[in-house]
Amino acid sequence: MTKSVLGGRLRRRRLIGTGAALGALTVAAPYRLRAQAGLPTFTLGQIAPFTGSAAEFGEFYRDAVRLAFEQVNAAAEEVLGGPIMDQHIAEDTNTLPTPAIESTRKLVEADGVPAIVGGWSSGVSVATAVSVSIPSGVLQVANGSTSPLITVLPEDRDADLLFRTTAPDTYQGIVLAQLLSGEIMADHQFRSAATLYVNNPYGQGLSNAFARAFQARGGTVQAQVPHPEEVQPTYSSQLALALQEEPDILVCVSYPGHTATYLKEARDVFGFTSWAFCDANRSERVIEALGPDVLAGSLGTAPGQDPSIPAFQNFEATYTERFGRDRIPPFTESAYDAGIAIGLAGVKAAIDGESEITGTVLRDRLRTVANPPGEQIVGGTQEAITRAVQVLRDGGDIDYSGAAGACDFDDAGDVVTPQAIWRFTEDGAMETVQVISPEDIPSE
Amino acid sequence: MDPATLVKAILLAPTLTILVFALVRIPWRARVPLGLVLGVGGAFGAAATLDAGLLSYLVSFSIMAGIYAVLCLGLNVQWGYTGHLNFGIAGFFALGAFTTALVTTSAPTGTLAQYSQQAFGLELPFLVGIAAGAVVAGVVAFLIAIPVLRLRMDFLAIATIGIAEIIRLVFQNERWLANGPQPLRGVPRPLYCTVQEPTCAWLPAPVAAWLAPLAPRDYIFIYLGIVTLILALVYLALERAVRSPWGRVLRATRDEETSTAMSGKNVPRVRIQSFVLGAAVMGLGGALYAHYTVTIDYSHFNPLFATFIVWVMLMLGGSGNNRGAILGAFIIWGVWSGTAFLTEALEPGLRAISETLPDRSAYLRWLLVALLLAAIVLYRPQGLLKEETIVSRHLLRRRGAAATTPGATATVGGAPPAATAPEAAGRDPGGG
């Protein structure tokens with residue numbers, strides 16, 4: 001559907017022309033010419049939510065992958081003499097598994113892509129991976145799926161084709177438990193907690209991960225109460241259940257629309273204002289609904305986006321300028337990382353002399369380009385990606401460090417991203433208080 | 001032709017043969033050789049000429065369309081023949097899918113059990129699973145039918161929407177039952193071992209050697225055969241049922257309930273029977289779906305892709321006509337998937353209009369589907385294939401004999417359009 005054809009007809013014609021001219025002139029440099037003519041290319045697929053409940057994010061994710069596509073291709077043209085990817089095709093998932101499977105089938109079978117970026121929600125990513133990508137030997141790198149199930153997915157144990165550039169919720173759950181049990185800030189300690197979570201893989205997974213880690217630290221989780229995904233006019237029954245045993249703090253694992261409604265009720269009806277937040281609540285909407293006074297000082301956690309790391313700043317600058325966007329929604333930077341990692345793996349495959357770039361060829365090189373050892377490449381800028389391709393051409397190793405974090409894939413295909421502690425300020429804003437780097441996060 | 005293509009062609013041949021049998025309406029004596037020739041020839045022709053990827057795509061497309069066709073047949077029993085305005089297809093679809101998943105998977109153990117929960121996992125064979133899916137959907141339909149079928153038309157529609165949502169929300173919220181909001185995975189694929197290495201232990205060596213060129217990604221060719229077979233069986237069974245006296249009572253109940261009751265028929269019982277039969281067929285469709293996608297969760301059974309698209313399929317194909325139901329499923333699913341290619345083909349034109357327009361093609365696709373739906377309702381309310389006014393085999397035979405005599409009407413199984421159009425328009429579910 002949406003295509004950005006960099007190696008389009010015009011450019012290809014120009015390339016052929018240049019090639020012919022060069023061929024007539026430089027008989028003395030047969031090696032370079034052969035390398036140029038023999039550069040294998042592949043098509044990069046993407047599934048993104050353009051319609052449905054996450055419709056607002058689809059275009060951002062597509063543009064992020066498009067940026068990665070353009071940068072890797074520009075680098076490959078400069079260093080290797082030709083693009084590595086011929087097309088970037090983004091298909092709609094409708095934020096639902098059934099159409100997502102159909103779109104993935106189209107990409108894998110009709111378009112013949114060896115790699116797919118995407119799957120925003122975990123339900124979609126697992127469904128497309130298990131029923132299409134893994135049996136077809138296609139690499140899938142999810143950019144927004146945080147369900148812990150993906151780590152242990154049995155279908156992927158031997159196939160090893162499902163990766164993701166976002167950390168599983170397990171880590172955020174652990175950091176949230178550390179925060180509330182006083183391990184991070186001595187004066188921020190609670191003995192008991194209750195969670196109120198949105199009933200989908202995200203909310204349920206994070207709530208369970210937090211509860212397990214909090215109990216392991218000696219705290220009591222008095223209740224974990226789910227609420228529907230659709231915003232309700234009132235949450236009094238859920239709040240009554242969560243606050244029944246008078247917890248010290250209420251952990252809100254919901255989206256801003258929900259939180260804005262139920263926190264108002266918690267304050268006005270139940271007189272309860274001791275709250276902790278997660279990434280999904282880091283939103284203006286919550287402040288608008290409640291006012292800054294009551295929120296000031298409340299702490300929360302968030303994975304991924306760490307505005308202090310240079311790769312994110314580079315990415316933010318390039319992305320907002322290239323596409324005229326004024327904000328970067330969650331998981332946009334991880335979509336970019338997924339695109340770059342796949343692109344660089346393709347470059348590496350081409351340099352290794354692979355004649356055809358398949359899903360497994362890319363998979364075998366994904367960790368090579370993204371993990372240490374090697375020269376660190378701080379993503380986000382064209383120069384950095386060009387440098388990465390140069391190092392690869394010269395036979396060196398690279399360690400891509402992405403906009404969402406170090407982008408080092410473990411054996412399960414997961415990455416560990418930094419976790420931020422943030423708070424609502426007195427003047428109605430949100431600020432990052434502290435960033436916990438991946439190596440400081442305990443395993444449980 | 002390389003070995004893999006050859007095997008694929010042979011696997012496709014039965015499906016295409018069945019298709020020709022179903023579509024071509026000529027006497028059996030000529031139909032058998034014609035079906036074989038066209039089916040086998042078509043399969044080899046397609047396998048030889050089409051690009052391997054495109055062929056696979058068409059196969060996976062046909063599987064999904066086939067599953068929708070089963071759902072459509074189920075709805076046709078309820079709406080097409082009996083006039084039940086069931087907007088709760090998603091509920092029976094989900095029941096069939098989750099039942100077969102629970103019956104055929106194994107309960108998670110070890111670290112996986114931390115992330116995946118289910119009430120039980122019986123590890124029974126595929127056929128038991130899909131039968132259980134149909135039975136459970138039928139039983140639930142029966143329990144629902146007693147209070148709900150007192151309602152008519154729009155009230156029934158509201159009640160069934162509610163029931164479908166309840167079923168979906170139960171599966172979303174009850175973690176112990178089927179992993180709650182998280183995906184329930186590991187639904188086995190029937191005969192998957194035939195494309196694996198090593199192959200099934202029970203498979204005779206020659207067959208195994210013959211199937212050897214197939215890779216796991218070619219499994220869809222096997223599953224297409226399974227779906228086609230089940231679709232054909234459901235079609236034959238339902239055709240038999242609706243052409244029987246029982247089927248005529250259904251249609252009589254739909255058109256003139258009071259007269260039917262006056263003729264001594266037990267109308268409430270017939271209405272319940274048809275509701276249960278339709279729901280069981282939908283459950284079967286759900287079971288086929290679960291074995292195809294391998295993983296399911298509540299979000300698969302959302303009203304748009306599990307209820308309303310089936311309605312559009314039946315409305316387009318022709319309610320009250322089983323062949324129309326199947327045709328509608330293939331056409332609508334083709335339109336939905338085809339618009340993805342269409343917007344791609346339109347890209348240069350779109351770019352000429354505005355630089356950013358191709359970026360919006362995901363939304364243009366919905367526009368095309370909506371326009372098509374509006375066009376159907378406006379110009380073809382009775383569907384592509386109209387309901388047959390005479391369905392009894394005995395009457396058809398007599399008519400067939402009469403048709404050969406001069407002066408008698410030559411159309412068999414197709415009434416004058418004027419007779420059926422108002423009737424079909426009158427039963428239009430709020431769209432017309």
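Residues numbered from 1 in each chain as written. Chains lettered and ligands numbered in written order. Predicted model: local features only at pLDDT ≥ 70, side-chain atom pairs only at ≥ 80, totals over all residues. Heavy atoms only, no water.

K.L.:
I'd like a description of the packing of helix H3 (residues 52-81) of chain B against helix H11 (residues 245-255) of chain B, backed by residues and values.
P.N.:
Residue and element names in this part refer to chain B. In the contact formed by H3 and H11, the axes pass within 8 Å of each other and the chain directions differ by 50°. With respect to H11, the element H3 is oriented oblique. Across the interface between the two elements, Trp 79, Gly 80 and Tyr 81 from H3 touch Leu 250, Arg 251 and Arg 254 from H11. (Axes fitted to C-alpha atoms, helices over the stretch in contact; angles between N-to-C directions. Helix = DSSP H or I, 4+ residues; strand = E, 2+ residues; numbered from the N terminus. Parallel < 35°, antiparallel > 145°, perpendicular 65-115°, else oblique. Contact = heavy atoms within 4.5 Å.)

K.L.:
Pulling in residues and values, what's your account of the pairing of strand S5 (residues 139-142) of chain A?
P.N.:
Residues and elements named next belong to chain A. With burial as the criterion, each face of S5 is covered, one bearing Leu 139 and Val 141 and the other bearing Gln 140 and Ala 142. The pairing of strand S4 (residues 115-118) with S5 spans 3 bridges and is parallel. Along S5, the bridge assignment pairs Ile 116 with Gln 140. In terms of strand pairing, S5 meets strand S6 (residues 162-164) through 3 bridges, oriented parallel. Its bridge partner being in S6, Gln 140 is matched across the sheet by Leu 162. (Buried < 20%, exposed > 50% of the residue type's maximum accessible area, 1.4 Å probe, protein only. Pairing = 2+ DSSP bridges.)

K.L.:
Let's hear about the side chain of Ser133(A): which residues, and what values?
P.N.:
Position of Ser133(A) among the secondary structure elements: in helix H5 (residues 122-136). Those residues in contact with Ser133(A) that sit more than four places away from it in its chain are Thr104(A), Thr128(A), Val138(A), Gln140(A) and Leu161(A).

K.L.:
So what's going on with unusual backbone geometry? Which residues, and what values?
P.N.:
Leaving glycine out, the prevailing phi sign among residues is negative, and the prevailing peptide bond configuration is trans. Residue and element names in this part refer to chain A. Cis peptide bonds are those with omega within 30 degrees of zero, and the linkage from Pro 372 to Pro 373 qualifies with 5°. Among the structural elements, Pro 373 can be located in the loop between helix H16 (359-370) and strand S12 (375-378). Its identity is not glycine, yet Cys 407 carries a phi of approximately 60°, on the positive side. With respect to the helices, strands and loops of the structure, Cys 407 is situated in the loop between strand S13 (398-401) and strand S14 (419-424).

K.L.:
For the interface of chain B and chain A, give the residues involved together with the corresponding values.
P.N.:
Each partner contributes to the interface: chain B provides 55 residues, whereas chain A provides 47 residues. When the two sides are added together, the surface that chain B and chain A hide from each other amounts to roughly 4300 Å², 54% of it contributed by carbon and sulfur. Its largest share of buried area at the contact with chain A, chain B owes to Tyr115(B), Arg217(B) and Glu344(B), together 14% of the area lost on that side. Applying the counting criterion to the chain B and chain A interface returns 1 salt bridge. Between chain B and chain A we count 19 residue pairs in polar contact (both at pLDDT 80 or more) in total. (Buried area = accessible area lost by both parts, 1.4 Å probe. Salt bridge = Lys/Arg side-chain N within 4 Å of Asp/Glu carboxyl O. Polar contact = N/O pair within 3.5 Å; in protein donor to acceptor, adjacent residues only side chain to side chain.)

K.L.:
Mind laying out the nonpolar core, listing which residues take part and the relevant values?
P.N.:
In this structure, Ile63(B), Tyr68(B), Leu73(B), Phe92(B), Tyr223(B), Ile296(B) and Trp333(B) are the most contacted members of the largest nonpolar core, which totals 105 residues. The element that contributes the greatest number of residues to this core is H3(B), accounting for 16 residues. Each of domain 1 (1-50) and domain 2 (51-426) of chain B accounts for three or more of the residues forming this core. Those residues in contact with Ile296(B) that sit more than four places away from it in its chain are Ala97(B), Phe98(B), Ala101(B), Pro183(B), Leu184(B), Tyr289(B), Ala290(B) and Phe301(B). Counting 66 residues, the second largest nonpolar core, distinct from the first, contains Leu44(A), Ala64(A), Met85(A) and Ala370(A). (Core = buried A, V, L, I, M, F, W, Y, C linked by side-chain atoms within 4.5 Å. Domains from an automatic or database assignment.)

K.L.:
Just give me the short version of the domain arrangement of chain A, but keep the residues and values in it.
P.N.:
All names here are of chain A. Segmentation of chain A into domains returns domain 1 (2-167 + 308-401) and domain 2 (170-303 + 418-440). Inter-centroid distance (C-alpha atoms) of domain 1 to domain 2 is 35 Å. Between domain 1 and domain 2, the contact holds 4 residues from the first and 6 residues from the second. Carbon and sulfur atoms supply 68% of the area that domain 1 and domain 2 bury against each other, a total of about 480 Å² over both sides. The largest per-residue losses of area from domain 1 upon contact with domain 2 belong to Thr 146, Pro 148 and Ala 167, which jointly make up 57% of the total buried on that side. Seen at the junction of domain 1 and domain 2, the total is 0 salt bridges. For the interface between domain 1 and domain 2, the tally reads 0 residue pairs in polar contact (both at pLDDT 80 or more). A per-class count over the side of domain 1 that touches domain 2 returns 2 nonpolar, 2 polar and no charged. (Nonpolar A, V, L, I, M, F, W, Y, C, P; charged D, E, K, R; others polar.)

K.L.:
Please give an account of the domain arrangement of chain B that cites residues and values.
P.N.:
Residue and element names in this part refer to chain B. Parsing chain B into structural domains produces domain 1 (1-50) and domain 2 (51-426). For domain 1 and domain 2, the distance between their C-alpha centres works out to 24 Å. On the side of domain 2, 19 residues touch domain 1, which itself brings 16 residues to the contact. Taken together, the two surfaces of domain 1 and domain 2 that pack against each other cover about 1600 Å², and 77% of this comes from carbon and sulfur. Broken down residue by residue, the surface that domain 1 buries against domain 2 is led by Lys 8, Leu 11 and Leu 50, which jointly contribute 39%. In this structure, Lys 8 and Asp 218 form a salt bridge, with 3.6 Å as the shortest nitrogen-oxygen distance. Summed over the shared surface of domain 1 and domain 2, the result is 1 residue pair in polar contact (both at pLDDT 80 or more). Secondary-structure elements contributing two or more residues to the side of domain 1 that touches domain 2 are helix H1 (3-23) and helix H2 (28-49). Residue classes in the side of domain 1 that touches domain 2 are distributed as 12 nonpolar, 2 polar and 2 charged.

K.L.:
Help me get a handle on the pairing of S13(A), residues and values and all.
P.N.:
Residues and elements named next belong to chain A. Along S13, one buried face is formed by Ile 398 and Tyr 400 and the opposite face, lined by Asp 399 and Ser 401, is buried too. As judged from the 4 bridges shared by S12 and S13, these two strands associate in the parallel manner. Residue pairing in the sheet places Ile 377 in a bridge with Tyr 400 of S13. In this fold, S12 hands off to helix H17 (residues 382-393), which returns the chain to S13; that crossover is right-handed. (Right-handed = clockwise from strand over helix to strand, strands pointing away.)

K.L.:
Outline the confidence of the model for chain A, supporting the account with residue identities and numerical values.
P.N.:
This prediction gives chain A a mean pLDDT of 86; 91% of its residues lie at or above 70. Here residues 1-36 of chain A scores under 50 on pLDDT; set against residues more than four positions off or in separate chains, the count is 51 contacts. (pLDDT = per-residue confidence, 0-100.)

K.L.:
Any details on the environment of Asn86(B)? Residues and values, ideally.
P.N.:
Residue and element names in this part refer to chain B. When you line up the elements, Asn 86 lands in the loop between H3 and helix H4 (89-104). Taking C-alpha positions, Asn 86 is 34 Å from Ala 107, a pair spaced 21 residues apart along the chain. Polar contacts involving the side chain of Asn 86 include one to the main-chain amide nitrogen of Gly 88, which spans 2.6 Å.

K.L.:
Give me the lowdown on the side chain of Ser147(A), citing residues and values where you can.
P.N.:
Within the secondary structure layout, Ser147(A) lies in the loop between S5 and helix H6 (149-152). On the basis of relative accessible area, Ser147(A) is assigned to the buried category, the value being 2%.

K.L.:
Can you break down the state of the cysteines residue by residue, with the values?
P.N.:
Following the criterion strictly, the structure yields 1 disulfide over all chains and no others. Paired by a disulfide, Cys193(B) and Cys200(B) hold their sulfur atoms 1.8 Å apart. Handedness of the Cys193(B)-Cys200(B) disulfide follows from its S-S torsion of about 95°: it is right-handed. Its relative accessible area of 22% is what places Cys193(B) among the partly exposed residues. Since its relative accessible area comes to 6%, Cys200(B) is described here as buried. Cys252(A) forms no disulfide, and the closest cysteine sulfur to it belongs to Cys278(A), at a distance of 7.8 Å. (Disulfide = S-S within 2.5 Å.)

K.L.:
Describe the environment of Asp268(A), naming the residues involved and giving the relevant values.
P.N.:
Mapped onto the fold, Asp268(A) is located in helix H11 (residues 256-268). C-alpha of Asp268(A) to C-alpha of Arg66(A): the two residues are 202 residues apart in sequence and 47 Å apart in space.

K.L.:
Let's hear about H16(A): which residues, and what values?
P.N.:
Taking 1.5 Å as the rise per residue, H16(A) with 12 residues should run 16 Å; its terminal C-alpha atoms sit 16 Å apart, in good agreement. All buried positions along H16(A) are accounted for by Gly359(A), Val361(A), Leu362(A), Arg363(A), Arg365(A), Leu366(A), Val369(A) and Ala370(A). (Expected span 1.5 Å × (residues − 1).)

K.L.:
How would you explain the packing of helix H15 (residues 322-345) of chain B against helix H17 (residues 361-379) of chain B if you had to name every residue and give the values?
P.N.:
When two helices pack together, their arrangement is given by the angle between their axes and by how far apart the axes lie. Residue and element names in this part refer to chain B. Running from N to C, H15 and H17 point in directions that differ by 145°, and their axes come no closer than 9 Å. The chirality of how H15 crosses H17 is right-handed. Each of Ile 332, Val 335, Trp 336, Ser 337, Thr 339, Ala 340, Leu 342 and Thr 343 in H15 lies in contact with H17, whose residues at this interface are Ser 361, Leu 364, Arg 365, Trp 366, Leu 368, Val 369 and Leu 372. In terms of residue class, the contact of H15 with H17 is made up of 10 nonpolar, 4 polar and 1 charged. (Left-handed = near helix turned anticlockwise from the far one by under 90°.)

K.L.:
Explain helix H9 (residues 201-216) of chain A residue by residue, including any values.
P.N.:
An ideal rise of 1.5 Å per residue puts 22 Å on 16 residues; H9(A) measures up with 22 Å between its terminal C-alpha atoms. Positive backbone phi, at 90°, marks Gly218(A), one or two positions downstream of H9(A).

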